[in-house]
Structures are given as structure tokens and as C-alpha cells.
Amino acid sequence: MNIAIDGPAGAGKSTVAQLTAKHLGYTYIDTGAMYRALTLAALHEGVSLSDEEELASLLDRISIGLQQQASGQRVFLNNRDVTEEIRHPDVSRQVSLVAKHPKVREKMMVLQRKLAGQESVVMDGRDIGTFVLPDAEVKVFLTASIEERAMRRYKEMLEKGHDANLADLQLEIQLRDKTDSDREVAPLRCAEDATILDSTGMTIEQVVSRIIELCKNKTQN
Ligand code: CDP
Ligand code: CDP
């Protein structure tokens, strides 16, 4: 059984997907981290983020690894741990520019489907229920108000000891959601057969329980 969780930035996808996977004993796959790792590699190698061919060929040359550890998921780029680096504001600001190229998405989809073909997964992203795993047994479109999503990111930054500005974060999230929603290939969309879950005012535990309930209903039917 596969679970697809899509939605805009800061909706809580990675947090609840990870906890749901742990609860069910499934593998968690963070597809956003894969796009972020490619963006980081491009920035390091000086590849233009508007050069579709070069980005697609860079993706062929690098290795992206996702590893579950007790402390959470770690992300590796060419066997180097880049878990923190891929969350840097420079990457967050530019990742959507990389993710909009059709050839990059095509190659990412192949990698992601291969990962899901090996075991039951909880996969989160933007196009999982619509394109990557259209046959996923459970599909959730997780969202929350823009104010709450920005506030969640703001608190997260402060907890990690980083400087943050709430208004700037809100603008960055809005801009990224717009780029993700407006792109021609596999845009951010709710799949027709997904359950919309508005997590505004909900705790992480409440959201996870709701998703597990959806999975139970599915296995009972
Ligand atoms: O965690 P956050 O919501 O900030 O973003 P993310 O899940 O790490 O994804 C970063 C970016 O990767 C998104 O804004 C999209 O541009 C891109 N992405 C995508 O296009 N398709 C996916 N399946 C996952 C992420
Ligand atoms: O992956 P996505 O960008 O959708 O969101 P995330 O990185 O999982 O969650 C963003 C922040 O919101 C994290 O610090 C979570 O702990 C927090 N969060 C929350 O406060 N309440 C929820 N119901 C879900 C997430």
C-alpha cells in the first residue's frame, strides 16, 4: 500500500508523512528533498537554473540518498550529508525554478517510482497523487492557511537558532506556491480522488491520526 501526501509549503507534509510512515512501518520518501539536493548541486557546480538540459544531465551524474535514522530522515548528495544545507534560504528561494523543467521532473519521477516499487511508502511532494503514484491507495492533499504555514516555518527557524522575518517568509512561501501551481508540467494540484485535509489549528498528532484513520478505512473496504 502506498500513501501520497501533497500540498503547499509549510502544510506539515514532511512532519506528518514521517510520523505516519513510522507508525505503519512504511518507508518515508521526501521528494522535495530530492529537488532541493539537485538545486544545491547546481548552485555548487555553477549550473544555470534556467538550463534544462544541463540540470537534467547533472541529475544523471549525482547520487541522491535518503536514509531513515532515529533522529529523522537524512539526505545525502554524492554520499555527503546535506540534510541541513538543503534547507538554506538560498535553496528554498530557487528550488521551484529547478523543479519546473519537464526533463528534470521526468527523471525525478523515474527515481521516485523506483523507490516506491521496492516497498510500501509514504511519499510527500506536490505531484505524488496526480503523477508519480496515481494508483496510491490513500491520497491526502494537506493544506493550512498561509498565515499559519508562514508562522510554522517562522517558529521552526527560531527553534533552529536562525534569524527569520515572518513577513519575508510568508512572501517566499506564496511565491514558491505560485511558481509550483503555475508550471506547465505536474503542477501543485489536488488529485481528484484525494482527501483534502485543512490542518489550520490542528496539532501534528491530530493530522497523523486522521491519515491513519483514512488508511484503516481503506484496508477495511
Ligand atoms: O518543505 P517545503 O514544503 O518547503 O518544500 P519541499 O517539499 O522541500 O519542496 C521544495 C520544492 O521542490 C517545492 O517548492 C517544489 O518546487 C519542488 N517539488 C516539486 O516540484 N515536486 C515535488 N514532488 C516535491 C517538491
Ligand atoms: O513539508 P511541509 O513544508 O509541508 O511542512 P513541514 O516542514 O512538515 O512542517 C512545517 C512546520 O510546521 C514544522 O516545524 C512542523 O513541526 C510544524 N507543524 C505544525 O506546527 N502543526 C502541524 N499540524 C503540522 C506541522
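Per chain, residues are indexed from 1 in the order of the written sequence. Naming scheme: in the order in which they are written, chains are lettered from A and ligands are numbered from 1. Reporting of local features is limited, given that this is a predicted model, to residues whose pLDDT is at least 70; pairs of side-chain atoms are given and counted only at 80 or more, and all residues count toward the totals for whole chains, interfaces and linings. Side-chain metrics in this entry use all non-hydrogen atoms of the structure; hydrogen atoms and water are not considered.

Novice: Explain the sheet that holds strand S3 (residues 64-69) here, please?
Specialist: Note on sheets: strands pair through backbone hydrogen bonds, and any given pair is parallel or antiparallel. What makes two strands pair is DSSP finding at least two bridges between them. In DSSP terms, a helix is any run of H or I states spanning at least four residues, a strand is any run of E spanning at least two, and both are numbered starting from the N terminus. An order of S3-S4-S5 is seen for the three strands of this open sheet, with the pairing classed as antiparallel. Bordering the open sheet on either side are S3 and strand S5 (80-81), each of which pairs with just one other strand.

Novice: It is not clear to me how the UniProt feature "domain: Cytidylate kinase" (unreviewed entry) in the protein should be interpreted in this structure. Could you clarify?
Specialist: UniProt positions are given in the numbering used here, feature names are shortened, and annotations may be inferred rather than shown by experiment. Those places that UniProt annotates as "domain: Cytidylate kinase" (unreviewed entry) correspond, in this numbering, to residues 3-216. Along residues 3-216 the backbone is 53% helical and 17% strand, and the end-to-end C-alpha distance reaches 12 Å.

Novice: Mind showing me how you'd approach the UniProt feature "binding site: ATP" (unreviewed entry) in the protein here?
Specialist: UniProt records the feature "binding site: ATP" (unreviewed entry) for Gly7, Pro8, Ala9, Gly10, Ala11, Gly12, Lys13, Ser14 and Thr15 in the present numbering. Counting through the fold element by element, Gly12 comes out in the loop between strand S1 (3-6) and helix H1 (13-24). Among residues more than four places away in sequence, those in contact with Gly12 are Leu142 and Arg152. Structurally, the position occupied by Ser14 is in helix H1. If near-sequence neighbours (up to four positions away) are discounted, Ser14 is found in contact with Tyr28 and Asp124. Whether two residues are in contact is decided by their heavy atoms, any of which lying within 4.5 Å being enough.

Novice: I keep staring at the site of ligand 1 and nothing clicks. Help me out?
Specialist: Near ligand 1, the surroundings consist of 20 residues, among which Arg36, Arg105, Asp127, Arg176 and Asp180 are the closest. Polar contact is defined as a pair of N or O atoms within 3.5 Å, subject to the rule that within protein one atom must be able to donate a hydrogen and the other to accept it, and that residues adjacent in sequence are counted only when both atoms are side-chain atoms. One of the side-chain nitrogen or oxygen atoms of Arg153 is found 2.9 Å away from an oxygen atom of ligand 1. When ligand 1 is considered free in solution it has 530 Å² of accessible area, and contact with the protein chains removes 99% of it. Elements with a contribution of two residues or more to the shell around ligand 1: helix H2 (31-45), helix H4 (89-99) and helix H8 (166-182). Looking at the shell around ligand 1, the element that brings in the most residues is H2, giving four residues. A molecule or strand has a residue near it when one of that residue's heavy atoms lies within 4 Å. Surface accessibility in these figures is a Shrake-Rupley result with a 1.4 Å probe; residues are shielded only by whichever protein chains are displayed.

Novice: Help me understand the pattern of salt bridges in this model?
Specialist: Any two side chains of opposite charge can pair, given that their charged atoms come close. Salt bridges are counted wherever a side-chain nitrogen of Lys or Arg sits within 4 Å of a carboxyl oxygen of Asp or Glu. A complete count under the given rule lists 18 salt bridges for this structure. For the salt bridge of Arg87 with Asp30, the shortest nitrogen-to-oxygen distance reads 3.3 Å. Separated by 57 residues along the polypeptide, Arg87 in the loop between S5 and H4 and Asp30 in strand S2 (residues 27-30) bring together distant segments of the chain. Buried residues are those whose accessible area, probed at 1.4 Å on protein chains only, stays under 20% of the maximum for their type, while exposed residues exceed 50% and partly exposed ones sit between those limits. For Asp30, a relative accessible area of 6% corresponds to the buried category. A salt bridge links Arg183 to Asp180, with the shortest nitrogen-to-oxygen separation between them at 3.3 Å. One exposure class covers both Arg183 and Asp180, and it is buried. What emerges from the salt-bridge pattern is a single network uniting Arg74, Asp81 and Glu84.

Novice: What should I look at first to understand the packing of helix H7 (residues 146-159) against H8 in this one?
Specialist: In a packed pair of helices, the relevant descriptors are the angle between the two axes and the axis-to-axis distance. Structural elements are reduced to axes, namely lines fitted to C-alpha atoms, with helices fitted over the stretch in contact, and the angle between N-to-C directions of any two is expressed from 0 to 180 degrees. Interhelical geometry of H7 versus H8 gives an angle of 120 degrees and a closest axis separation of 9 Å. Taken together, H7 and H8 sit at an angle that is classed as oblique. Between H7 and H8 lies a crossing of right-handed hand. Where H7 abuts H8, its residues Ile146, Glu147, Arg149, Ala150, Met151, Arg153, Tyr154 and Met157 lie against Leu166, Leu169, Gln170, Ile173, Gln174, Arg176 and Asp177. When residue character is reported, Ala, Val, Leu, Ile, Met, Phe, Trp, Tyr, Cys and Pro are called nonpolar, Asp, Glu, Lys and Arg charged, and the others, Gly included, polar. When grouped by side-chain class, the residues that make up the contact of H7 with H8 number eight nonpolar, two polar and five charged. Angles below 35 degrees are treated as roughly parallel, those above 145 as roughly antiparallel, those between 65 and 115 as roughly perpendicular, and all remaining angles as oblique. Crossings are assigned a handedness: left-handed for a near helix turned anticlockwise from the far helix by less than a right angle, right-handed for a clockwise turn.

Novice: Where do I start with the site of ligand 2 in this structure?
Specialist: Inspection of the region around ligand 2 gives 15 residues, with Lys13, Ser14, Thr15, Arg153 and Glu156 positioned closest. Within the backbone of Ala11, an N or O atom sits 3.1 Å from an oxygen atom of ligand 2. One of the backbone nitrogen or oxygen atoms of Met202 is found 3.0 Å away from a nitrogen atom of ligand 2. In the complex, the protein chains occlude 82% of the 540 Å² of accessible area that ligand 2 would expose alone. Elements that contribute at least two residues to the shell around ligand 2 include exactly H1, H7 and helix H9 (204-220). Taken together, the residues that form the shell around ligand 2 break down as six nonpolar, five polar and four charged.

Novice: Mind showing me how you'd approach the packing of H2 against helix H5 (residues 102-118) here?
Specialist: With their axes 11 Å apart at the nearest point, H2 and H5 run at an angle of 135 degrees to one another. Put simply, H2 runs oblique to H5. For the crossing formed where H2 meets H5, the hand is right-handed. Where H2 approaches H5, its residues Thr31, Met34, Tyr35 and Leu38 are matched on the opposing element by Val104, Arg105, Met108, Leu111, Gln112 and Leu115. Partitioning the contact of H2 with H5 into residue classes produces seven nonpolar, two polar and one charged.

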